[in-house]
Amino acid sequence: MAEFMENLPECTIDVLIQKIIDGEKQYDLSKIVSAYEKAAYWHRDQKRESGEPYITHPVAVAYLLLCLGMDTDTICAALLHDVVEDTPCTLEELRKEFGSDVAMLVNGVTKLKKIPTVSKEEQKAENIRKIILAMAEDIRVIIIKLCDRLHNMRTLKYCSDSKRRLISLETMNIYAPIAHRLGIAPIKEELEDLAFRYLDPYAYEEIDRQMNMRKESREKFVETIKEKIRNRLAEDFDPVPQVDGRVKSNYGIYKKVYRDGKEIEQIYDRYAVRVIVNTVTECYNVLGIIHDMFKPIPNRFKDYISTPKANMYQSLHTTVIGREGIPFEVQIRTWEMHQTAEYGIAAHWKYKEGIKGKDKNDNRLAWIRQIIEAQQESNDAEEIVKTIKNDLAPEDVFAFTPKGDMITLPVGATVIDFAYAIHTQVGNRMCGAKVDKKMVSYDYQIKTGEIIEILTTNAPGHGPSRSWLNICKTNEARSKIRSWFKKERREENIVEGKNELEREFRRNMIRVPEEDMGEFLAMDLKRHNCETLDDFYAAIGYGGVQLSKIIPRLKDEYTKKYVKDKNPQQQNYRPVKTHSGVIVDDIGDCQVKFSQCCNPLPGDDIIGFVTRGHGVSIHKTDCVNYLNSKDKPEEASRWVAVHWAEETQTNYFKVTIDIVANDRIGLLADISSALAEIRIPMHEATARELKNGNANVMVTISIAGVDQLNGVINRLRKIKSVISVDRTGK
Ligand code: MN
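Residues numbered from 1 in each chain as written. Predicted model: local features only at pLDDT ≥ 70, side-chain atom pairs only at ≥ 80, totals over all residues. Heavy atoms only, no water.

## Topic: the coordination of the manganese ion
Threshold: Only nitrogen, oxygen and sulfur atoms count as donors, using a 2.8 Å cut-off from the metal that widens to 3.2 Å for Na, K and Ca. Water is left out, so coordination shells may look unfilled. Working definition: helices are DSSP H or I runs of at least four residues, strands are E runs of at least two. Numbering for both runs from the N terminus. Only protein chains enter the accessibility calculation, which uses a 1.4 Å probe; a residue is then buried when its area is under 20% of its type maximum, exposed when over 50%, and partly exposed in between.
Protein coordination at the manganese ion comes from His57 (NE2), His81 (NE2), Asp82 (OD) and Asp148 (OD), with a distance range of 2.2 to 2.5 Å. Within one chain, the residues serving as donors to the manganese ion are arranged as H-x23-H-D-x65-D. You can see His57 sitting in helix H3 (residues 56-67) and its partner His81 sitting in the loop between helix H4 (72-79) and helix H5 (83-86), a full 24 residues away along the chain. His57 gets classed as buried once you look at its relative accessible area, which sits at 1%.

## Considerations on the nonpolar core
The condition that has to hold: Only buried Ala, Val, Leu, Ile, Met, Phe, Trp, Tyr and Cys residues count toward a nonpolar core, and they belong to the same one when joined by side-chain atoms within 4.5 Å. For the domain bounds, the source is a domain assignment made automatically or taken from a database. We call two residues in contact whenever any of their non-hydrogen atoms come within 4.5 Å of each other.
One finds Leu68, Ile142, Leu146 and Ile187 to be the most contacted residues of the largest nonpolar core, which totals 88 residues. In terms of residues, this core owes the most to one element, H3, which gives nine residues. Looking at which domains feed residues into this core, each of domain 1 (2-199) and domain 2 (209-351) supplies at least three. Apart from the residues within four sequence positions on either side, Ile142 is in contact with Ile131, Met135, Tyr175, Ile178 and Leu182. Judged by nonpolar contacts, the second largest core, of 34 residues, contains Leu601, Ala695, Ile703 and Leu709.

## Considering the side chain of Thr457
Which entries qualify depends on this criterion: Distance and chemistry together define a polar contact, namely a pair of N or O atoms within 3.5 Å, with one atom able to donate a hydrogen and the other to accept it when in protein, and with adjacent residues in sequence counting only for side-chain atoms on both sides.
When you line up the elements, Thr457 lands in the loop between strand E11 (452-456) and helix H21 (468-471). A distance of 2.9 Å separates a polar side-chain atom of Thr457 from the backbone nitrogen of Ala459. Discounting chain neighbours no more than four positions away, the residues touching Thr457 are Arg429, Cys431 and His462.

## Here's the deal with the environment of Pro308
If you trace the backbone, Pro308 turns up in the loop between strand E4 (302-303) and strand E5 (316-321). Excluding residues that lie within four positions of it along the chain, Pro308 makes contacts with Tyr313 and Gln314.

## Describing the sheet that holds strand E20 (residues 722-727)
Applied cut-off: If DSSP finds at least two bridges between two strands, the strands pair. To obtain an axis, a line is fitted to C-alpha atoms, over the contacting stretch when the element is a helix, and the angle between two such axes runs from 0 to 180 degrees between their N-to-C directions.
Strands sit in the order E18-E19-E17-E20 across an open sheet of four strands; the sheet is antiparallel. On the outer flanks of this sheet lie strand E18 (682-689) and E20, each paired with one strand and no other. Between one strand and the next, the sheet's axes are offset by a mean angle of 15°, whatever the strand orientation. Sheet topology note: the E18/strand E19 (residues 694-703) ladder contains seven bridges and is antiparallel. Counterpart to Glu689 in the pairing with E19 is Ala695. Running at roughly 20° to E19, helix H30 (residues 667-677) makes contact with strand E17 (653-662), E18, E19 and E20 of the sheet.

## Points about the sheet that holds E11
Read across the sheet, three strands follow the order E10-E9-E11 without closing on themselves; strand pairing throughout is antiparallel. The outermost strands of the open sheet, each flanked by one partner alone, are strand E10 (438-440) and E11. On average, each strand axis in the sheet is inclined to that of its neighbour by 35°, with strand direction left out of account. Alignment of strand E9 (residues 430-435) against E11, held across five bridges, turns out to be antiparallel. Note that in E11 the partner of Met430 across the bridge is Thr456. Relative to the sheet, helix H19 (residues 415-422) contacts E9, E10 and E11, its axis offset from that of E11 by approximately 80°.

## Some remarks on unusual backbone geometry
Asp238 connects to Pro239 through a cis peptide bond whose omega is 0°. The residue Pro239 is located in the loop between helix H12 (215-236) and strand E1 (242-247) in this model. Non-glycine residue Asp436 carries a positive phi angle of around 45°. Take Asp436: it is sitting in the loop between E9 and E10. Residue Asp436 is classed as partly exposed on the basis of its relative accessible area of 40%. Although it is not a glycine, Ser721 adopts a positive phi angle of roughly 75°. Position of Ser721 among the secondary structure elements: in the loop between helix H31 (706-717) and E20.

## Points about the pattern of salt bridges
Rule in force here: When a carboxyl oxygen of Asp or Glu lies within 4 Å of a side-chain nitrogen of Lys or Arg, that pair is called a salt bridge.
For the coordinates displayed, the defined rule picks out 25 salt bridges. Of the charged contacts in the structure, one is a salt bridge between Glu450 and Lys447, with a shortest N-O distance of 3.9 Å. On the basis of relative accessibility, which here comes to 8%, the residue Glu450 falls in the buried class. According to the relative accessible area criterion, Lys447 is partly exposed, its value standing at 44%. The partner of Asp604 in a salt bridge is Arg727, and the shortest N-O contact between them spans 2.5 Å. Of this pair, Asp604 sits in the loop between strand E13 (592-594) and strand E14 (606-610) while Arg727 sits in strand E20; the two residues are 123 residues apart in sequence, bridging distant segments of the chain. Classification of Asp604 by relative accessible area gives buried; the value is 11%. Among the charged side chains, a salt-bridge network with shared partners connects Asp71, Asp101, Asp138 and Arg140.

Without other data, these values stay purely geometric and don't point to any function.
Here it is in structure tokens:
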């Protein structure tokens, strides 16, 4: 329990006033006093279950809010929070006397009037829904409610057994998680501890007993460690940083013992030492000193400074072993981080101006908006409470990669979530998982402390399965899987579809310039509900458009549009803008074909040969046919200078690569996965055994140019047992 929220010895207005006077913050004392008087008047005949006057409760709640540094209106609303619900006093009356803010806050925490026709459960759900809606309007509502609940939990022992259980359950499921989300750690911890005590009294007692057993020696241990650290830090720091020590809450220990199956002795962070410094740099300096003084336990370092928790908590955590062989946790933070860790969202009031209504900039409130959105979809209050519970579900699990990197995931996350949390590609290539070295199924739910190894494959065409969408828990994984289906497949589909169309066009002698393609295919795009050419290619790629059905008509259209003049010269030399990617220097762009003998690629030095009736055929300048022909008198004049047009990058050329390697199992698979990795489409692959025990693999791929081809060749040369990789003339 944080000291600043300690229980009042006496819940009287005098103690409250004294606290206000002693504090630095400005309050409207007379407004607070009249709120007290009003509340005292209306509650005058009521008693709490403990037998005390009822007014002690609102005063205690107001005191807790004062400890959190909340403002005058919040303190007034706390004093008045039960009058509308439990007495004849009306909201209107409060509004007149204390203003609309106080009235709105009181209304927010006032339960709905009992509706006799609905069940208790429904009534409860409706009330929680009301609070969530009210806190979306003004977050102070829930801060009041949390302090109200905290005081009720502190005094729960006076209630009946069954009531205790119900209230504790609700505290554990709803209020503690809300306090956690808002980052108000002392309230969260105390609510959990108190609820746990009533929900599992035997476990609580057992832990309490064990923790008390060596209380003295334990306190001495923490004291010694603190002293040691303080002395060491005094050498480097002036003033000496604050060093605190504490023992973990009973519920925190319970979770590790009962939920994670750990022995009490195995729980490393039963003891925690906290060092508070002035700057972030100092945090890391202190960490270095701590790791120098004590032996750090591997995989127990967490940097919440560079990656803060969702509730904005920041600190460095590390677990080290002291000379006595007892591990303990060290938390290192700045004073500002300390404020956030202790006060959470309430720090807005304690240290700043407070938030009026909603603050869109505070990440800690994002989940409230999500709940509100979810509740707009459903009118069933119980459904909404279920959403809230799911959304608030306790915390995170921490698991490790085999290299010791920690991954934080929500409870219930599976190995699929883990894989995508490491990297999108790890998720997409996942083909299995091991937890603590044992194979598990995809739906295995991760537990804290497990070491998880994701098995991946580079096999081409491998990707996530649609069923994963139902297995994964995080939105991150889900959206990555979805986008894989949309995007990764789409890209493949586009390349595939485009190649297919080009192949069919070539076969049918349809030569439409790239820039005219959209217009040429406009009708087909429309017919297949495609907005862009890429959509259309993708549709061809996945088989949504059958080319055999549209080619005949396209051929007719092509003839009508482009082949008006039957004169072959005209047809062959029609002024098409670099449709081929090659410009013939003296003619400009014209029909060209790439020779089969040397298969030139963009980037190669090239030369053209004017054929009879088939345009210009393009060869590499080192092609034997060119070298043999260029000096022959009857042919020499037909060789013309040509150069690559600049926009050829988007055109793809096929090239066959000749690979020789020591034959081994998996060679072909390695080659194809290497190509898939660098996203080079492979059209054909043949492998044959050579007499000397080597293998010869020929793969035909699409390539944009020589530079890319050289990259591919270099990549293939790195594959195990590969002897040579060469480009063929094919
Ligand atoms: Mn109350």
